Structures are given as C-alpha cells and as structure tokens.
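Survey of secondary and tertiary structure
Chain by chain, the residues:
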Amino acid sequence: MRSPKDFFAPLAVGAPDPVREIPALPSRMIHFFDPGNEKMAAKVPDLAKKVDVLLGNLEDAVRADRKEAARAGLVSIAKANDFGATQLWTRVNSLDSPWVLDDLTTLVTEIGDKLDVIMVPKVEGAQDIHYVDRLLAQLEARAGLRRPLLVHAILETASGVANVEEIAGASPRMQGISLGPADLAASRRMKTTRVGGGHPGYLVRTDPVGEDLHEGRTTYQQDLWHYTVARMVDACVMHGILPYYGPFGDIRDVVACEDQFRNAFLLGCVGTWSLHPVQIDIAKRVFSPDPKDVAWARRVIAAMGDGTGAVMIDGKMQDDASFKQCRVVAELADALAERDPELKEAYDEATKEVQQ
Ligand SMILES: CC(C)(COP(=O)(O)OP(=O)(O)OC[C@H]1O[C@@H](n2cnc3c(N)ncnc32)[C@H](O)[C@@H]1OP(=O)(O)O)[C@@H](O)C(=O)NCCC(=O)NCCSC(=O)C[C@](C)(O)C(=O)O
Ligand SMILES: [Mg+2]
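Residues numbered from 1 in each chain as written. Chains lettered and ligands numbered in written order. Predicted model: local features only at pLDDT ≥ 70, side-chain atom pairs only at ≥ 80, totals over all residues. Heavy atoms only, no water.

This brings us to the site of ligand 1. Near ligand 1 you find 21 residues, and of these Phe 32, Lys 43, Ala 182, Leu 275 and His 276 are the closest. One of the side-chain nitrogen or oxygen atoms of Lys 39 is found 3.1 Å away from an oxygen atom of ligand 1. A distance of 2.7 Å separates a nitrogen atom of ligand 1 from a polar backbone atom of Leu 275. Across the complex, the protein chains shield 66% of the 1,100 Å² of accessible surface that ligand 1 would expose by itself. Of all the elements in the fold, those that place two or more residues in the shell around ligand 1 are strand 1 (29-33), helix 1 (38-47) and helix 7 (181-188). Ranked by residue count, the leading element in the shell around ligand 1 is helix 1, at 4 residues. Across the shell around ligand 1, the residue classes tally to 11 nonpolar, 4 polar and 6 charged. (Near = heavy atom within 4 Å. Polar contact = N/O pair within 3.5 Å; in protein donor to acceptor, adjacent residues only side chain to side chain. Areas by Shrake-Rupley, 256 points an atom, 1.4 Å probe, with all protein chains shown as cover. Helix = DSSP H or I, 4+ residues; strand = E, 2+ residues; numbered from the N terminus. Nonpolar A, V, L, I, M, F, W, Y, C, P; charged D, E, K, R; others polar.)

Right, dumping it as structure tokens:
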C-alpha cells in the first residue's frame, strides 16, 4: 500500500501531478458509441451537443474482429473534433484481454490530451487500479501530457463489490464507479438474463388473508440492484469520487428505464449510461433535479440564513440537516444551469413562482 504522503506524487518521472480533487462536472449521461461503427460515428458531432459525456467503447459490444477498427476510429474521431465542454471518455478492454495494452498505449499516446477519463471494466480490487495507475503515468510522461487522465471503474464482479471501498480509494486518479449489472449478475451466478432492471420473480408478498394461500395476496417487485448501488454510493462518497448507475439494456422499455435511473438518482448517483439515443433525454430528465425541488431547496436555504437552528416552512420542520440536503439539490441545479440555458430558465421560473 502507498503511503498517504506519496499519494500525490506522480508514479513516473515527468508525469503530471495527480489531481487533489475530482471535478464535479455535469455527467448525467455517459453516452456509449462504437467508434468503429460508421453510422454511430457519423452521429457523434451532433450527439456531442446533447450529452454531458461521450464514451468511445472498445470493450464488450464490439466484436473481436472489430477491436482494432474501434480503437483507430476513436483516435480519428478525437483528432477531428473539438467537443467543447462535453467530456470524451473511453472504455478500454478488460485487463485480462489481449487488446488492453494496445488500447492504453495507443490512446494515451495519440489522444491523451483529448481524453478525460478511462473506464476500466471488470475491476476486481485495488491491484487492478494500481496496475493502470502506473502504466498511465509512464505513458503520460512519454507523451508529455500536462493533465493526468482519470480512471473510472466498473463494478461487475463479486470481488469488485466485496472490495469496492479499496477500489474507490486506490488512486488519486479514481474519478468514479459505475454498476455493471450484466457481468455482475453472471459473476454472482444470479439467475437473470437481462442487462440491468428488475425481475418479476424477485418480489415480496403480503400475508395470507384466509385458508387459501393464493387468494388476495398482493406482490411487489423489488429492486435487484438496491444493495449494490447503495454500497457503491457510500464507497464513492467516502473517497470523494462519483457514483453512476450503468446500462439499461431493454432499449424499448423507456418507462422501466426511467424508473431504474430515478432509483439511482435518489440514492445518490450523479448519472447513468445511455446506450441508444432514445435514453439520452431520459437520463437528462432524471438526473437534472426537478424545478419544483430546486425552488423548494432555494426557499429553505434562504429561510435558514447561516444554516443553523430550526424553522417551519409550510408545516415542515427545517434544520441544519435539511439545509444540507437542500444545498445538494441547489448546488447541482446551479452547476447544470451553467451548462444548460433551458434548465436555468426552468429553475429561475419555478423559484420566482415560489417567492410570489
Ligand atoms: C443496442 C443497439 C445495438 C441498437 O442499435 P440499432 O441500430 O439496432 O438501433 P436503431 O434504433 O435501429 O438505431 C437507430 C439509429 O441510431 C443509431 N444508434 C444506435 N445506437 C447508437 C448509439 N449508442 N450512439 C449513436 N448512434 C446510435 C443507429 O446506428 C441507427 O442509425 P441510422 O438511423 O443512421 O441507421 C445500439 O444502440 C448499440 O450498439 N448501443 C451501444 C451498446 C453498447 O455500447 N453496449 C455496451 C455497454 S453495456 C455493457 O457493456 C454491460 C456492462 C456494463 O458491461 C455489464 O453490465 O456488464
Ligand atoms: Mg460488462
């Protein structure tokens, strides 16, 4: 284990200094595309205006015989475009694959100055992050990069979940963690065949009402991912990094997708993945606080002054703790409003209505 004193020293001579704080940039949706797929790649410049993060995916969902095309596609897309405030991320192949070394070497060398975050799949423990950390420092030094690349881990193995706290704190490069429900389900031997979302068999049932055990008993479907998401959120917050939901594979079921995203938002996640253009607006709607909640939060903050003591607003007690919750909502709204003029108008309009 590294000494905390050494944590902010570069891991290679000439590599940039590690960051001391992870920037809380808007990242409501991480939009996945296959850079080797010409149809998808053609849509990227337009999509860049709509999404917070564009991610060139090199791992699963890219066929083995298209891995090199995807890598080369990402290099040319990054070189040909300036995405402005939209971040550019990549997901490299897993650390046990034959492609990852070339992914990291090529991408850092060719477009290290354009990339913000490298997503590493199937992370099992801190040792995986340490490997990537050192290698990135060596490549950054060789490429003469001035800004360190950040690392995002996907939580998609049982050992990854068991070690999530040490993964979150393994390097100052750690930017965040996403849930990978499909690989995680396989790793845990869960008996599901879906990419995220619920399952009708995972339920609770009300007590029997009479002799007939089948009669009049309501069932409620439960959230298969509650434990993992909640644990991931705590691990991330403990280490000052950002938690994200992940993929929702039933592209047609936009209703359940929105529910899954909202559960994650309410539990503390800052964003999710969009796998198809139709999921972009869902993520934007869910991960931008509701204007009514923003107006309420601003009203509580104004009424609470320095944030101490207790006041009553519309019959509800407010104190230091509810003031802090309101600040979370209001600060997120302010950050998003800076990037999105439509949201700014909606938030200001709702705030004015409350003040009248
Ligand atoms: C689902 C698929 C096959 C349906 O693709 P489609 O072509 O059948 O859909 P469509 O509705 O017909 O598409 C309409 C148009 O949108 C385009 N399009 C479609 N998707 C995108 C996109 N993402 N970005 C940009 N453009 C896109 C598509 O090319 C088409 O263009 P056209 O009108 O010119 O013909 C397709 O959307 C896709 O491949 N999406 C990305 C899938 C992906 O990245 N999967 C990996 C992440 S999930 C994962 O790995 C799991 C995890 C974490 O590891 C774990 O839980 O373990
Ligand atoms: Mg996976």
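On we go from here.
The next point concerns the UniProt feature "binding site: Mg(2+)" (unreviewed entry) in the chain. Under the UniProt annotation, "binding site: Mg(2+)" (unreviewed entry) lies at Glu 156 and Asp 183. These annotated residues cover 28 residues of sequence, and their C-alpha atoms all fall within 5.2 Å of one another, placing them together at a single site. Setting aside its immediate chain neighbours within four residues, Glu 156 contacts Pro 121, Lys 122, Gly 180, Asp 183, Leu 184 and Ser 187. Within polar-contact distance, the side chain of Glu 156 engages the backbone nitrogen of Lys 122 at 2.8 Å. Structurally, Asp 183 can be placed in helix 7. Setting aside anything within four residues of it in sequence, one finds Asp 183 in contact with Asp 60, Lys 122 and Glu 156. (UniProt positions renumbered as here; feature names shortened; annotations may be inferred. Contact = heavy atoms within 4.5 Å.)

At this site the magnesium ion (ligand 2) is bound by Glu 156 (OE) and Asp 183 (OD), with donor distances of 2.0 to 2.2 Å. One end of the pair, Glu 156, is in the loop between strand 5 (150-155) and helix 5 (158-162); the other, Asp 183, is in helix 7, and 27 residues separate them in sequence. A residue is classified by how much of its surface remains accessible, and Asp 183, at 26% relative accessible area, is partly exposed. (Donors = N, O, S within 2.8 Å, 3.2 Å for Na, K, Ca; no water. Buried < 20%, exposed > 50% of the residue type's maximum accessible area, 1.4 Å probe, protein only.)

So, about the packing of aromatic side chains. Per the stated rule, a full pass over the model turns up 6 aromatic pairs. Relative to Phe 8, the ring of Phe 7 lies with its centre 5.6 Å away and its plane at 85 degrees, an arrangement referred to as edge-to-face. Classification of Phe 8 as partly exposed rests on a relative accessible area of 27%. Judged by centre distance (4.3 Å) and plane angle (20 degrees), the rings of Phe 32 and Trp 273 are stacked. Here Phe 32 is found in strand 1, whereas its partner Trp 273 is found in strand 10 (residues 272-274), with 241 residues between them in sequence. Aromatic rings pair up to connect Tyr 245, Phe 261, Phe 265 and Phe 287 into one cluster. The aromatic ring of Trp 99 is capped on one face by Lys 67, whose charged end is 5.0 Å from the ring centroid. (Phe/Tyr/Trp six-rings, centres within 6.5 Å; stacked < 30°, edge-to-face > 60°. Lys NZ or Arg CZ within 6 Å of the ring centre and 35° of its normal.)

Within the secondary structure layout, Thr 272 lies in strand 10. Excluding its chain neighbours within four sequence positions, the residues that come into contact with Thr 272 are Ser 27, Arg 28, Met 29, Ile 30, Tyr 244, Tyr 245, Gly 246, Phe 261, Ala 283 and Phe 287.

As a further point, take the sheet that holds strand 2 (residues 53-57). Across the sheet, which stays open at both edges, the 8 strands sit in the order 9-6-5-4-3-2-1-10 with parallel pairing between neighbours. Single-partner strands in this sheet number two, and they are strand 9 (242-244) and strand 10. Strand after strand, the sheet turns through a mean of 25 degrees between neighbouring axes, direction not considered. Both strand 6 (residues 174-179) and strand 9 contribute to a ladder of 3 bridges, which runs parallel. The residue bridging Gly 176 from the neighbouring strand is Leu 242, located in strand 9. (Pairing = 2+ DSSP bridges. Axes fitted to C-alpha atoms, helices over the stretch in contact; angles between N-to-C directions.)

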